[in-house]
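Here are the chains, one letter per residue:
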Protein chains: 2
Amino acid sequence: MNVLALSGGVGGAKLALGLAQTLPDENLTIVANTGDDFTHLGLRICPDIDTVVYTLSDLADKERGWGRQNESWNFMAAFGRLGGEDWFNLGDGDLAMHIHRSLEMAGGKSLTEITDDIASALGIGPAILPMSDDPIATIVETPDGLLPFQHYFVRDRCVPAVTGFRFDGIETAKPNPKLMNLLGRGTLDAIIITPSNPFVSIDPILSVPGIRDALQMLSSPIVAVSPIVGGQAIKGPAAKIMTELGLPSSAMEVAKHYRGLIDGFVIDETDAAQADDISTLGMKVKVAQTVMRDLDDRKRLATECCDFAATFPS
Amino acid sequence: MNVLALSGGVGGAKLALGLAQTLPDENLTIVANTGDDFTHLGLRICPDIDTVVYTLSDLADKERGWGRQNESWNFMAAFGRLGGEDWFNLGDGDLAMHIHRSLEMAGGKSLTEITDDIASALGIGPAILPMSDDPIATIVETPDGLLPFQHYFVRDRCVPAVTGFRFDGIETAKPNPKLMNLLGRGTLDAIIITPSNPFVSIDPILSVPGIRDALQMLSSPIVAVSPIVGGQAIKGPAAKIMTELGLPSSAMEVAKHYRGLIDGFVIDETDAAQADDISTLGMKVKVAQTVMRDLDDRKRLATECCDFAATFPS
């Protein structure tokens, strides 16, 4: 079974790991959101790519939810003492990723090539593709003005109310050519939208010119996993954002968000009562245990998503 | 007593610390060699400035002789795993210095301003001045071609034979304006050339257009401390370099190197027998214990240098 997964950070990476552990390497491609990327301290930082890379190479810190395990923090302590900006914490080992990438970019390599090199160096089998090699910046619209995503997400801890999002640079951005090749070959058996934030992780991917259209032209089934369980996000501000946008924070509302694109929707057992209503949106619904506490959960959900996709006629 | 010290890395920084501990802050200025500086991994690295800064802020690792104490090395380990160049080891805390400096330079600040800010942040009292704000690169001439200094010094561990040195960029470099102001005020009571390497630490400073002439125009005494003790360098390749250049590695030879510039020369007790010969070069000689094993040694040598300078008519 050939699978393409669309992923943001933590939640998406968990399911991507489950897929990586249940599919042959060559049968899995993960497209990562790059709308969170930013240049900080002179370094190019790609949080979602890095989370997927660390998760798939077993370097991720599982408790903290970001960055590397067994990390040290001497750089940031010393940098703060020099008066440097220290709101975006960077671990010492993690810095290697950003310095490496910044150097390679300055040398003319594309983010796709760099990500591929990093994945190879860390022994990752499945392909990890940035959604685009062109810089795209998710900007958060708030009543007090615009905030670059990491300022909203990390510096301001998602406190500002959200009125909308824009993705700067997306109109002229080209989709990842490897992704477009893959979509064009027509060999995919399933596209899985992982339970990452629909607004700031998945929407940027779908908004890169050409990607959404190419996905919709495929005969392959597209299934999404709800990031909202029991009205709450497992991690991150998805539920808070939905409320601020005037939307109920429910699996049903996420299904509406993806309506017209997806063929199937995976909701948690907690939300089983919404299954019939969601079916009326023109999609099949699968109820599963979507909260991924350990590796077995990740693998089981990955298998259930693949099995669910296999039930669609192609 | 107002003192200007010329310093390279470790040996110079030791005496600079001794001076800093025996003179009021406002009475000491340290000029640091910047010929060792280079841009590496996209970062501007200034090894001699940093050694002086770490030594004077008590952050230096005293055993290793470079970098910070209680340092961790997770960045370089992770960077090496990504295939990054890892011959120039950079500690995690030390990286803060290079990233901070690189950012500030990109923002338009001069190396003088940045060094001053860093020294203030770390509570250093005496002024530390780079010899120039313009980039100057010490290049090592070898039978096999030219080597940038850090490639010779760190990557190749001083193994290549040296046939000469050049200081790229020095013809058009401007001396540090604060240094030239200080020299022009005529308020210095002594210039002390620390026991750093004459060829690669002190010569670059003296070769910046204007500095040597300004020093020679002063009525203030200039005293140098021999980095060669018993025919050997306390640290570093000075003795090896002298041999390769066809010079005896002796205190006498260092005195000859500085002849015409210095008024007094401090040699180690080990070399007391050379005192009379060195006197014939037209300089006063002081015999002292110049090997600085602990802080008391540094302070005693600093005091002896100042006392020695005070014996010259001004």
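A short tour of the structure in this document, coming up. (Residues numbered from 1 in each chain as written. Chains lettered and ligands numbered in written order. Predicted model: local features only at pLDDT ≥ 70, side-chain atom pairs only at ≥ 80, totals over all residues.)

### Regarding the overall build of chain A
The secondary structure content of chain A amounts to 13 helices and 14 strands. Computed over C-alpha atoms, the radius of gyration of chain A comes to 19 Å, within 12% of the 20 Å expected from 2.2 N^0.38 for 314 residues, which places it in the range of a compact globule. Residues classed as buried in chain A amount to 50% of the 314 residues present. The long-range fraction of contacts in chain A, counting pairs at least 24 apart against all pairs at least 6 apart in sequence, stands at 67%. (Helix = DSSP H or I, 4+ residues; strand = E, 2+ residues; numbered from the N terminus. Rg over C-alpha atoms; globule rule 2.2 N^0.38 Å. Buried ≥ 20, exposed ≤ 12 C-beta atoms within 10 Å, placed from the backbone. Contact = placed C-beta atoms within 7 Å.)

### A closer look at the nonpolar core
Residues Val223(A) and Val223(B) are the most contacted members of the largest nonpolar core, which totals 188 residues. Here Val223(B) is in contact with Ala190(B), Ile192(B), Ile262(B), Asp263(B), Gly264(B), Phe265(B), Val266(B), Cys305(B), Phe308(B) and Ala309(B), once residues within four sequence places are set aside. (Core = buried A, V, L, I, M, F, W, Y, C linked by C-beta atoms within 7 Å.)

### Some remarks on the interface of chain B and chain A
Taken together, the contact pairs 22 residues of chain B with 22 residues of chain A. Counting residues per element, the side of chain B that touches chain A draws most heavily on helix H4 (residues 92–106) of chain B, at 9 residues. Taken together, the residues of the side of chain B that touches chain A break down into 12 nonpolar, 8 polar and 2 charged. (Nonpolar A, V, L, I, M, F, W, Y, C, P; charged D, E, K, R; others polar.)

### Focus on the relation of the copies chain B and chain A
Here the two chain copies are tied together by a rotation about an axis and a shift along that axis. When chain B is fitted to chain A, the best match, at an RMSD of 0.0 Å, comes from turning it 180° and sliding it 0.0 Å along the axis. One copy is carried onto the other by what is essentially a two-fold rotation axis. When C-alpha distances to the rotation axis are compared across chain B, the minimum falls at Asp92(B), with a value of 2.9 Å. (Least-squares fit on C-alpha atoms with pLDDT ≥ 70 in both.)

### Concerning the environment of Ile99(B)
Relative to the helices and strands, Ile99(B) resides in helix H4. Residue class for Ile99(B) comes out buried when judged on the 26 C-beta atoms lying within 10 Å of it. Residues Ile99(B) and Asp296(B), spaced 197 residues apart in sequence, show a C-alpha to C-alpha distance of 34 Å. Dropping the residues within four chain positions of it, Ile99(B) is found in contact with Leu41(A), Gly42(A), Phe79(A) and Leu43(B).

### Overview of the sheet that holds strand E1 (residues 3–7) of chain A
All names here are of chain A. Across the sheet, which stays open at both edges, the 7 strands sit in the order E5-E2-E1-E9-E10-E13-E14 with parallel pairing between neighbours. Only two strands of the sheet have a single partner each, and these edge strands are strand E5 (127–130) and strand E14 (284–288). Within the sheet, the average angular offset between the axes of one strand and its neighbour, ignoring direction, is 20°. Pairing of strand E9 (residues 190–193) with strand E10 (residues 222–225) involves 3 bridges; the strand directions are parallel. Paired with Ile 192 across the bridge in E10 is Val 223. (Pairing = 2+ DSSP bridges. Axes fitted to C-alpha atoms, helices over the stretch in contact; angles between N-to-C directions.)

### Some points on the packing of helix H1 (residues 10–22) of chain B against helix H2 (residues 47–56) of chain B
Residues and elements named next belong to chain B. At a closest axis distance of 9 Å, the pairing of H1 and H2 adopts a crossing angle of 35°. Between H1 and H2 lies a crossing whose hand is right-handed. Here Val 10, Ala 13, Lys 14, Ala 16, Leu 17 and Ala 20 of H1 come into contact with H2, specifically with Thr 51, Val 52, Thr 55 and Leu 56. Grouping the amino acids of the contact of H1 with H2 by side-chain chemistry returns 7 nonpolar, 2 polar and 1 charged. (Left-handed = near helix turned anticlockwise from the far one by under 90°.)

### Examining the sheet that holds strand E8 (residues 164–168) of chain B
All names here are of chain B. With antiparallel pairing, the 3 strands of this open sheet are ordered in space as E7-E6-E8. Unpaired on one side and paired on the other, strand E7 (145–148) and E8 mark the two borders of the sheet. When the angles between neighbouring strand axes are averaged without regard to direction, this sheet yields 30°. The sheet contacts of helix H8 (residues 198–207) involve strand E6 (137–142) and E8, and relative to E8 the element is tilted by about 45°.

### So, the pairing of E9(A)
All names here are of chain A. Residues Ala 190 and Ile 192 of E9 are buried on one face, and the alternating residues Ile 191 and Ile 193, pointing to the opposite face, are buried as well. Pairing geometry for E1 and E9, over 4 bridges, is parallel. Its bridge partner lying in E9, Val 3 is registered against Ala 190.

### Brief notes about unusual backbone geometry
Even without a glycine there, the phi angle at Cys158(A) is positive, about 60°. Relative to the helices and strands, Cys158(A) resides in the loop between helix H6 (149–155) and strand E8 (164–168).

### Quick notes on H1(B)
Residues and elements named next belong to chain B. The end-to-end C-alpha separation of H1 is 19 Å, in line with the 18 Å expected for 13 residues at 1.5 Å each. The buried fraction of H1 amounts to 11 of the 13 residues, a majority that puts the element mostly inside the structure. For H1, the set of buried residues is Val 10, Gly 11, Gly 12, Ala 13, Lys 14, Leu 15, Ala 16, Leu 17, Gly 18, Leu 19 and Ala 20. Of the surrounding elements, those touching the buried residues of H1 are strand E1 (3–7), strand E2 (28–32), H2, H8, strand E10 (222–225) and helix H13 (295–310). (Expected span 1.5 Å × (residues − 1).)

### Notes on the packing of H1(B) against H13(B)
All names here are of chain B. Orientation of H1 relative to H13, taken along the N-to-C sense of each, is 75°, at an axis distance of 7 Å. On the basis of their axis angle, the class for H1 and H13 is roughly perpendicular. Contact with H1, carried on its side by Lys 14, Leu 15, Leu 17, Gly 18, Leu 19, Gln 21 and Thr 22, involves Arg 298, Lys 299, Leu 301, Ala 302 and Thr 303 of H13 and no other residues of that element. Residue composition of the contact of H1 with H13, grouped by class: 5 nonpolar, 4 polar and 3 charged. (Parallel < 35°, antiparallel > 145°, perpendicular 65-115°, else oblique.)

### Some points on the pairing of strand E2 (residues 28–32) of chain A
Residues and elements named next belong to chain A. Counting buried positions over the 5 residues of E2 gives 5, a clear majority of the element. The two faces of E2 match: Leu 28, Ile 30 and Ala 32 on one face and Thr 29 and Val 31 on the other face are all buried. What joins E1 to E2 is helix H1 (residues 10–22), and the crossover it makes is right-handed. Where E2 lies against E5, 4 bridges are found, and the strand directions are parallel. Bridge pairing in E5 links Thr 29 to Ala 127. (Right-handed = clockwise from strand over helix to strand, strands pointing away.)

### A look at the environment of Thr22(B)
When you line up the elements, Thr22(B) lands in helix H1. Filtering out sequence-adjacent residues up to four positions away, Thr22(B) remains in contact with Lys299(B), Ala302(B) and Thr303(B).

### As for the environment of Phe153(A)
Examined against the element boundaries, Phe153(A) turns out to sit in helix H6. With 83 residues separating them in the primary sequence, Phe153(A) and Gly236(A) have C-alpha atoms 8.9 Å apart.

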